[in-house]
Amino acid sequence: MGELKVYYGWARIGNVRKKRALSVVFENDRMGCRSDRGQRCLRTIQDTVFERCQTNEEEKEGKQQNRIFTEYSLFFDEKPINGSLERCLLVNSDADKNNVSKDMSERISEALRNAFLFSNPEYKEPYSQLELKFE
C-alpha cells in the first residue's frame, strides 16, 4: 500500500455544485494534500466519511497528475443511479473491486450509507420495477 489516500464522502452542495453526488477524491501529491490549504480544499469539496490508503497502481497514476486531488463523482439523481442509494453504493463498489478487498468495500459502503441516511432521514429507496413482492 502506498502513502497517498483516497477519501470517500458526499459532495457538498453550494453555489458551484447543485447536484447530490457520491464523491471519491484521490490524493496525487502527499505534501500538497496534507497541508492546511489542501485539507481546507478537501472540506469544501466533500463531507468525508471514509479514507483509505491507495494501492500501488492507483498511486502510480496519481503521481503523473499535475494537481493535488483527482475527484470522481457518481451523481445521485442521474442515470444509471436514478436516486437509489443502494444502486449508487453498488456502482461505487464495482468501480473499486480491483483495488479494494470485499471486506473493505463493505465497510466503505456501510459508512457512506450511514452518513447519507443521517443527513437525509426521510429518504426512501425509489420503487424498482424489478422488485417482486409476494404476500
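Preceding this paragraph is the structure being described.
Residues numbered from 1 in each chain as written. Predicted model: local features only at pLDDT ≥ 70, side-chain atom pairs only at ≥ 80, totals over all residues. Heavy atoms only, no water.

Caption draft 1: Focus on the pattern of salt bridges. Per the counting criterion, the structure on display carries 9 salt bridges. A salt bridge links Glu51 to Lys5; the shortest N-O distance between them is 2.7 Å. You can see Glu51 sitting in strand β3 (residues 46–53) and its partner Lys5 sitting in strand β1 (residues 5–11), a full 46 residues away along the chain. With relative accessibility at 23%, the residue Lys5 sits in the partly exposed group. If you follow the salt bridges from partner to partner, you end up with Glu86, Glu110 and Arg113 in one network. (Salt bridge = Lys/Arg side-chain N within 4 Å of Asp/Glu carboxyl O. Helix = DSSP H or I, 4+ residues; strand = E, 2+ residues; numbered from the N terminus. Buried < 20%, exposed > 50% of the residue type's maximum accessible area, 1.4 Å probe, protein only.)

Caption draft 2: Local environment of the packing of aromatic side chains. For the coordinates displayed, the defined rule picks out 7 aromatic pairs. Seen from their ring centres, Phe116 and Tyr123 are 5.2 Å apart, and the 85 degrees between their planes marks the pair as edge-to-face. The burial state of Phe116 is the same as that of Tyr123; both residues are buried. (Phe/Tyr/Trp six-rings, centres within 6.5 Å; stacked < 30°, edge-to-face > 60°.)

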